[in-house]
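# Overview (structure and organization)
For reference, the chains in residue letters:
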Amino acid sequence: MSDRESINGSAERRLGVFKTYKLYVGGKFPRSESGRVYEVTDSKGQWLANAPKSSRKDARDAVVAARKAFGGWSGATAYNRGQVLYRVAEMLEGRKEQFVREVAASEGLSKSKAAAVVDAAIDRWVWYAGWTDKIGQIAGGANPVAGPFFNLSTPEPTGVVAVLAPRKSSLLGLVSVIAPVIATGNTAVVIASADAPLPALSLGEVLATSDVPGGVVNILSGVTAELAAPLAAHQDVNAIDLTGADAELAKELEIAAADNLKRVRRPQPVDADGSSDSEDWSASPGTHRLTAFLETKTVWHPTGALGAAGSSY
């Protein structure tokens with residue numbers, strides 16, 4: 001038997017290697033602290049994979065990682081953050097085929113429609129990458145004052161943001177809620193769609209190879225309500241995006257978030273099935289998500305002594 005025949009023969013008998021999906025926390029890929037998993041099925045109910053079922057401890061670990069990464073990420077130049085986000089788009093482009101398969105299975109789309117969704121998600125990263133060093137020009141500015149002062153308002157990131165990803169749009173919606181949070185210098189703890197978590201977990205692998213510092217984005221999968229409750233009440237979480245919450249859960253989380261005055265972004269009005277995924281993710285995103293988790297800092301600075309002819313500055 002020749003070498004070629006031997007190789008071909010073994011190829012026919014080999015077993016496929018199933019992908020093990022893991023969480024993405026602090027730049028690493030841990031299994032859930034609880035050791036639990038749950039079955040993920042496609043739109044027809046057929047098994048796709050086992051996803052880690054995160055615990056409250058995983059959520060707390062993700063917050064610690066996000067807080068640790070906040071100083072370096074918020075302190076980076078906006079231009080540098082834009083380069084990093086563009087690198088994410090590059091790496092996602094290189095793994096397009098994998099994401100087309102996962103989106104098609106998760107959302108019940110044809111291959112061509114799934115490809116269009118993945119292309120839009122890549123373009124969305126590029127779009128937000130371009131805004132990193134421009135949002136300050138529309139969200140801040142010089143304020144007119146009657147006196148020898150400069151009065152400048154500048155936007156600053158809020159801090160650690162908990163994000164409930166859309167329930168139906170497993171990639172484009174996911175990117176649309178993550179990218180603006182980190183583009184403006186925040187760090188994120190993301191709860192992936194419980195029904196379609198695989199594109200989110202795979203996105204963690206893209207982020208890990210895209211120059212995004214560990215801890216800037218942390219991705220958890222599991223029961224949304226079980227993970228969102230401790231994040232909404234966590235004293236070191238500064239804001240929460242309730243996009244993926246239904247009306248009842250959103251109300252509960254808003255009450256919990258009030259304890260430390262978290263900034264809250266409410267979900268869109270719910271549709272017929274109780275989901276809040278009524279947003280058109282293919283539409284132009286605008287800047288409202290960029291400004292949702294920014295704080296305004298106002299600084300006064302003297303211009304110098306005034307002489308008879310006016311300011312000497």
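Above this text is the structure in question.
Keep in mind it's a predicted model, so treat the numbers as computed, not measured. Numbers given to residues run from 1 along each chain, matching the order in which its sequence is written. Only residues with pLDDT of 70 or above have their local features reported here, since the model is predicted, and side-chain atom pairs are shown and tallied only from 80 upward, although totals for entire chains, interfaces and linings are computed over all residues. The side-chain numbers reported here are obtained from all heavy atoms of the structure, hydrogens and water having been left aside.

Helix and strand content of the chain: 11 helices and 12 strands. Among the 313 residues that make up the chain, the fraction classed as buried is 44%. In the chain, the share of contacts with a sequence separation of at least 24, taken over all contacts with a separation of at least 6, comes to 76%. Of the roughly 15100 Å² that the chain leaves accessible, carbon and sulfur atoms contribute 54%. Strands are runs of DSSP state E lasting at least 2 residues, helices are runs of H or I lasting at least 4, and numbering of each runs from the N terminus. Three labels apply to residues, based on accessible area from a 1.4 Å probe with only protein chains included: buried if under 20% of the type maximum, exposed if over 50%, partly exposed otherwise in between. Note on contacts: a residue pair qualifies if any of its non-hydrogen atoms lie within 4.5 Å across the two residues. Computed by Shrake-Rupley with a 1.4 Å probe, the accessible areas treat only the displayed protein chains as cover when residues are assessed.

The description of an aromatic ring pair uses the distance of the two centres, along with the angle that the planes make with each other. Pairing of aromatic side chains here covers Phe, Tyr and the six-membered ring of Trp, requires ring centres within 6.5 Å, and sorts the geometry by plane angle: under 30 degrees stacked, over 60 edge-to-face, intermediate tilted. One pass over the structure, following the stated rule, counts 5 aromatic pairs. Ring geometry for Trp127 versus Tyr128: centroids 5.1 Å apart, planes at 90 degrees, classification edge-to-face. Three or more aromatic residues joined by ring pairs make a cluster, and in this case those are Trp127, Tyr128 and Trp131. Residue placement shows Lys19 over the ring face of Tyr21; its charged tip is 5.2 Å from the ring centre. Positioned above the aromatic ring of Phe70 is the side chain of Arg67, whose terminal nitrogen or guanidinium carbon lies 5.6 Å from the ring centre. Both a distance and an angle decide whether a charge sits over a ring: NZ of Lys or CZ of Arg must be within 6 Å of the ring centre and within 35 degrees of the ring normal.

Right, let's get into the pairing of strand S6 (residues 187-191). In terms of burial, S6 is largely enclosed, as 5 of its 5 residues are buried. Any two strands with at least two DSSP bridges between them are considered paired. With 5 bridges connecting them, strand S5 (residues 160-164) and S6 associate as parallel partners. From the neighbouring strand, Val161 faces S6, where its bridge partner is Ala188. Taken together, S5, helix H7 (residues 172-183) and S6 form a β-α-β motif whose crossover is right-handed. Sheet analysis places S6 next to strand S7 (residues 217-220), joined by 4 bridges and oriented parallel. Residue pairing in the sheet places Ala188 in a bridge with Val217 of S7. By convention, a crossover is right-handed whenever its connection, traced from the first strand over the helix to the second and viewed with the strands pointing away, goes clockwise. A crossover links S6 with its parallel partner S7, the connecting element being helix H8 (residues 198-208), and its sense is right-handed.

Further remarks concern unusual backbone geometry. Even without being glycine, Asp211 reaches a positive phi, approximately 70 degrees. The phi dihedral of Leu261 is positive, around 55 degrees, even though this residue is not glycine. Looking at where Leu261 falls in the secondary structure, it is placed in the loop between helix H10 (247-257) and strand S9 (263-265). Overall, the relative accessible area of 74% leaves Leu261 in the exposed class.

Glancing now at helix H2 (residues 56-75). If you check H2, its first and last C-alpha atoms are 29 Å apart, about what 20 residues at 1.5 Å a residue would give, namely 28 Å. What is called the bend at a residue is the angle between a pair of axes, fitted to the seven residues leading up to and ending at it and to the seven starting from it. Approximately 40 degrees is the largest bend angle found in H2, and it occurs at Ala69. Of all the residues in H2, the buried ones are Asp58, Ala59, Ala62, Val63, Ala65, Ala66, Ala69, Phe70 and Trp73. You can read the cap of H2 off the contacts: a side-chain oxygen lies 3.3 Å from the backbone nitrogen of Lys57, and it is on Ser55. By definition here, a helix of n residues has an expected span of 1.5 Å times n minus one. Each polar contact in these results corresponds to two N or O atoms within 3.5 Å; when the atoms are within protein, one needs to be able to donate a hydrogen and the other to accept it, and residues that are neighboring in sequence are counted only if both atoms are side-chain atoms.

Right, let's talk about the sheet that holds strand S8 (residues 239-241) for a bit. Strand order in the open sheet formed by 5 strands is S7-S6-S5-S8-S9, with parallel pairing between adjacent strands. At either end of the open sheet lies a strand with only one pairing partner, and these are S7 and S9. Across the sheet, the mean angle separating the axes of adjacent strands is 15 degrees when strand polarity is ignored. Note on method: axes are straight lines fitted to C-alpha atoms, helices fitted across the in-contact stretch only, with angles between N-to-C directions ranging 0 to 180 degrees. Its contacts with the sheet put H7 on S5, S6, S7 and S8, and the angle it makes with S6 is roughly 160 degrees.

The next point concerns the sheet that holds strand S10 (residues 294-302). Taken in spatial order, the 3 strands make up an open sheet running S3-S4-S10, and their pairing is antiparallel. Lying at the two open borders of the sheet, with one neighbouring strand each, are strand S3 (141-142) and S10. In terms of strand pairing, S3 meets strand S4 (residues 149-157) through 2 bridges, oriented antiparallel. Looking at the pairing, Gly141 lines up with Ser153 of S4.

Pairs can form between side chains of opposite charge once their charged atoms are near each other. Within this document, salt bridges are pairs made up of a side-chain nitrogen of Lys or Arg and a carboxyl oxygen of Asp or Glu, the two lying within 4 Å of each other. One pass over the structure, following the stated rule, counts 15 salt bridges. For Glu226, the salt bridge is made with Arg36, and the minimal N-O distance between the two is 2.9 Å. With Glu226 in helix H9 (residues 224-233) and Arg36 in the loop between helix H1 (3-13) and strand S1 (37-41), this residue pair connects regions lying 190 residues apart in the sequence. Judged by relative accessible area, Arg36 falls into the partly exposed class, the value being 30%. Between Asp236 and Arg67 there is a salt bridge, with its nearest N and O atoms 3.1 Å apart. Here the residue Asp236 occupies a position in the loop between H9 and S8, and Arg67 occupies one in helix H2, the gap between them amounting to 169 residues. One salt-bridge network, held together by shared partners, links Lys19, Arg95 and Glu205.

The next point concerns the environment of Phe29. Looking at where Phe29 falls in the secondary structure, it is placed in the loop between H1 and S1. A sequence separation of 189 residues divides Phe29 from Asn218, and the C-alpha atoms of the two residues are 9.8 Å apart. Not counting the four nearest positions on each side in its chain, Phe29 is found in contact with Lys22, Leu23, Tyr24, Gly204, Glu205 and Ala208.

Bear in mind that shape data such as this cannot, by itself, settle questions of function.
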